[in-house]
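Now for the letters of each chain:
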Amino acid sequence: MSQKISQDEMKKAAAIEALAFVKNNSIVGVGTGSTVNHFIDALVDIKYKIAGAVSSSQESTKRLKAHGIEVFDLNNIDTLDVYVDGADEVTKHLHMIKGGGAALTREKIVAAVAKEFICIADESKQVEVLGNFPLPVEVIPMARSYVARELVKLGGDPEYRQGVVTDNGNVILDVHNLEITDPIALEQSINAIVGVVTNGLFAHRGANTLIIGSPDGTKVITLP
C-alpha cells in the first residue's frame, strides 16, 4: 500500500525539482508563498554555486538573507535566466492566477525581466478554467471604490481584503465569481482601469514550465 503524501510534501517535491533549472553563477528570480519557501530552503544546498537572488517580496527577501543568500536590487540587473514562483491556479496553457500572498505586482515585474518562468505547485492548483480562486487586483487606495464598481461591470464580485497593505503601500480587491475563458483579454481590460496597479492574471506573460507535485511524483510540463 502506497504511503499518503501530504500537500506540503508535494509542494516541496516540486520546489526541489526546480533546482535543475538554476544555472551556475546566475542570479535567481525568487517569488513568494508557501511553495516558494521550500524552493528558498532548497537553494541553500547550491547557494555557493549561484551569485544570489532577486526577490519579489519583503518576506522572501528575509528568508533568503537568513540563509546567507545575497539579494540584489532588480534595478541593477539587466536580465535573469530564471524566475521560480508558485501559483494559486494554473491551466494547461500555463496561464495563472497569483496574488494570494499580495505580492502580485512585484512578482509580475520580476517575471517580466526573466528569460524563463518556472511555476512550481502541488496538483490541487491545476485547473481547467481560471476563476474559482478569487482574482487579486492591486489598487491605489483612493481608487478602491471606483475600481470595485468597474470590476462589477466586468462581471466580477470584488471584495476588499481587509487589513492587507501590499509591499508597495496599496490595497487588494479579490474578485469572486469570474469564469475566465480569455485570461489574456481580461488581464488587459482590468489593467486598463484607472487606479489599478496590476491584477493577478499571469497570462500575457505566463509560465514557460510548470512543475507539479503529485502523489505519484513530480510532473514537468514545458510549453513549446
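Before going further, it helps to spend a moment on the sheet that holds strand 10 (residues 196-199). In space, the 4 strands of this open sheet follow the order 8-9-7-10, with antiparallel pairing throughout. Only two strands of the sheet have a single neighbouring strand rather than two, namely strand 8 (157-160) and strand 10. Strand-to-strand twist across the sheet, computed as the mean angle between neighbouring axes with direction ignored, equals 30°. Across 4 bridges, the pairing between strand 8 and strand 9 (residues 171-176) is antiparallel. If you follow Tyr160 over to strand 9, its bridge partner there is Leu173. Across the sheet, helix 5 (residues 144-153) lies against strand 7 (135-139), strand 8, strand 9 and strand 10, angled at about 15° from strand 9, the strand it touches most. Packed onto the sheet, helix 6 (residues 183-191) meets strand 7 and strand 10 and runs at close to 165° relative to strand 10.

Another point: the sheet that holds strand 5 (residues 96-97). In spatial order, the strands read 4-5-11; together these 3 strands make up an open sheet with antiparallel pairing. Of all strands in the sheet, those with a lone pairing partner are strand 4 (89-90) and strand 11 (201-202), marking the two edges. In this sheet, strand 5 lies alongside strand 4 in antiparallel orientation, the contact comprising 2 bridges. From the neighbouring strand, Glu89 faces strand 5, where its bridge partner is Ile97.

A few words on the nonpolar core. Judged by nonpolar contacts, the single largest core of 22 residues is most densely connected at Val30, Phe39, Leu43 and Ile120. Elements that contribute at least two residues to this core include exactly helix 1 (7-17), strand 1 (27-30), helix 2 (34-43), strand 3 (80-85) and strand 6 (114-122). Top element by residues in this core is helix 2. It accounts for 5 residues. If sequence neighbours within four positions are ignored, Ile120 has contacts with Ala14, Ala15, Ala18, Thr35, Val36, Phe39, Val84, Asp85, Gly86, Ala87 and Ile211.

Analysis parameters
- Residues numbered from 1 in each chain as written.
- Predicted model: local features only at pLDDT ≥ 70, side-chain atom pairs only at ≥ 80, totals over all residues.
- Heavy atoms only, no water.
- Pairing = 2+ DSSP bridges.
- Helix = DSSP H or I, 4+ residues; strand = E, 2+ residues; numbered from the N terminus.
- Axes fitted to C-alpha atoms, helices over the stretch in contact; angles between N-to-C directions.
- Contact = heavy atoms within 4.5 Å.
- Core = buried A, V, L, I, M, F, W, Y, C linked by side-chain atoms within 4.5 Å.
- Buried < 20%, exposed > 50% of the residue type's maximum accessible area, 1.4 Å probe, protein only.

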